[in-house]
Amino acid sequence: MGSSNQMRLAVLQALSALCQESGSFHHDRCPLGVTVSSVQMEQWHAHGPDPPGSPFSLPPIAGRQAVPQRAAVKVQRASGERSMVSKTFEVRGIAALVDLPRLQLGAVLAHELCHAFMHLFRFPRLPPVVTEGVCELWAWLWLSASAAAEGGEEAAARLRLLERNADPVYGAGLRQAKACFDEFMAAPGDGGPRTLPEFMKLVRRKRRWWVAEPAAPAGGGRHGAGARRRGRKR
Ligand SMILES: [Zn+2]
């Protein structure tokens with residue numbers, strides 16, 4: 001990541017401005033965090049062979065690998081001339097609201113890091129229920145690890161809040177993401193235990209949830225279970 005990348009805390013007004021700039025989905029409401037990412041395009045004409053190491057395919061998602069930030073797309077003209085469009089994927093910064101309780105801040109940052117991950121690994125445009133659902137899953141996993149490590153009641157309470165969220169995008173998205181994640185992790189992997197990066201790879205390939213949303217727990221609010229999906233269905 002370049003030197004322009006930063007993680008910082010911002011007051012509500014500054015955070016709202018960043019949300020508008022980023023055009024992110026969740027920010028018609030009071031934002032808690034935002035990831036500002038960009039794609040820089042460069043175009044040139046190519047006459048010779050492809051430059052060595054041009055990543056024409058999606059980067060592999062694996063352990064501690066560096067993320068290739070550039071992708072080149074070839075355009076073949078009818079005249080036979082080729083153009084190359086290079087795209088550079090960057091995360092310019094992540095911001096979270098000031099003065100959040102520690103555990104909530106951690107969960108917000110986990111959610112935003114998932115957005116950053118999906119941008120850097122060039123996920124396709126997904127329905128908001130999938131994107132926000134998997135980001136909420138990262139927040140859930142972070143809180144779950146905190147609850148296990150600290151045995152705190154607050155982490156457990158925050159987990160329940162996420163699980164019972166009546167929002168048709170965030171709540172339903174999390175429940176679907178978690179059902180898929182649990183199913184994925186329970187199945188035998190090819191050599192060794194399954195991991196979150198492997199799960200993310202599957203999400204990128206499938207572009208949707210593959211198991212039905214579990215019924216929302218009782219007391220889930222007025223929307224309850226059976227919330228409708230938004231966005232494209234593929
Ligand atoms: Zn989000």
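Structure: see above.
Thresholds applied
Residues numbered from 1 in each chain as written. Predicted model: local features only at pLDDT ≥ 70, side-chain atom pairs only at ≥ 80, totals over all residues. Helix = DSSP H or I, 4+ residues; strand = E, 2+ residues; numbered from the N terminus. Buried ≥ 20, exposed ≤ 12 C-beta atoms within 10 Å, placed from the backbone. Contact = placed C-beta atoms within 7 Å. Axes fitted to C-alpha atoms, helices over the stretch in contact; angles between N-to-C directions. Parallel < 35°, antiparallel > 145°, perpendicular 65-115°, else oblique. Left-handed = near helix turned anticlockwise from the far one by under 90°. Core = buried A, V, L, I, M, F, W, Y, C linked by C-beta atoms within 7 Å. Nonpolar A, V, L, I, M, F, W, Y, C, P; charged D, E, K, R; others polar.

Draft legend 1. Structural view of the overall build of the protein chain. What the protein chain contains, in helices and strands, is six helices and four strands. Starting at the N terminus and walking to the C terminus, you meet the elements of the protein chain as β-α-β-β-β-α-α-α-α-α. Looking at the protein chain as a whole, 29% of its 234 residues are labelled buried. By sequence separation, contacts in the protein chain at least 24 residues apart represent 70% of the contacts at least 6 residues apart.

Draft legend 2. Broad picture of the packing of helix α2 (residues 102–120) against helix α4 (residues 153–163). Interhelical geometry of α2 versus α4 gives an angle of 45° and a closest axis separation of 10 Å. Relative to α4, the element α2 lies oblique. For α2 against α4, the interelement crossing comes out right-handed. Along its contact with α2, which presents Leu103, Gln104 and Ala107, the element α4 presents Glu154, Ala155 and Arg158.

Draft legend 3. Local environment of unusual backbone geometry. Positive phi, normally seen in glycine, also occurs at Arg122, with a value near 55°. What makes Arg122 partly exposed here is the crowd of 18 C-beta atoms within 10 Å.

Draft legend 4. The nonpolar core, seen in detail. Ala110, Cys114, Val134, Leu137, Trp138, Ala139 and Ala177 are the most contacted members of the largest nonpolar core, which totals 43 residues. Those elements that provide at least two residues to this core are α1 (12–22), β2 (33–46), β4 (82–97), α2, α3 (128–150), α4, α5 (170–186) and α6 (196–206). Broken down by element, this core gets its largest block of residues, 10 residues, from α3. Contacts of Val134, omitting those with residues within four sequence positions, involve Cys114, Ala177 and Val203.

Draft legend 5. Main features of the packing of α3 against α4. Axis separation between α3 and α4 bottoms out at 8 Å; the angle between their running directions is 155°. Our classification of the angle between α3 and α4 gives roughly antiparallel. The element α3 and its partner α4 pack so that their crossing is left-handed. Note on element contacts: α4 touches α3 through Ala155, Ala156, Arg158, Leu159 and Leu162, opposite Glu136, Ala139, Trp140, Leu143, Ser144, Ser146, Ala147 and Glu150. For the contact of α3 with α4, the per-class residue count stands at eight nonpolar, two polar and three charged.

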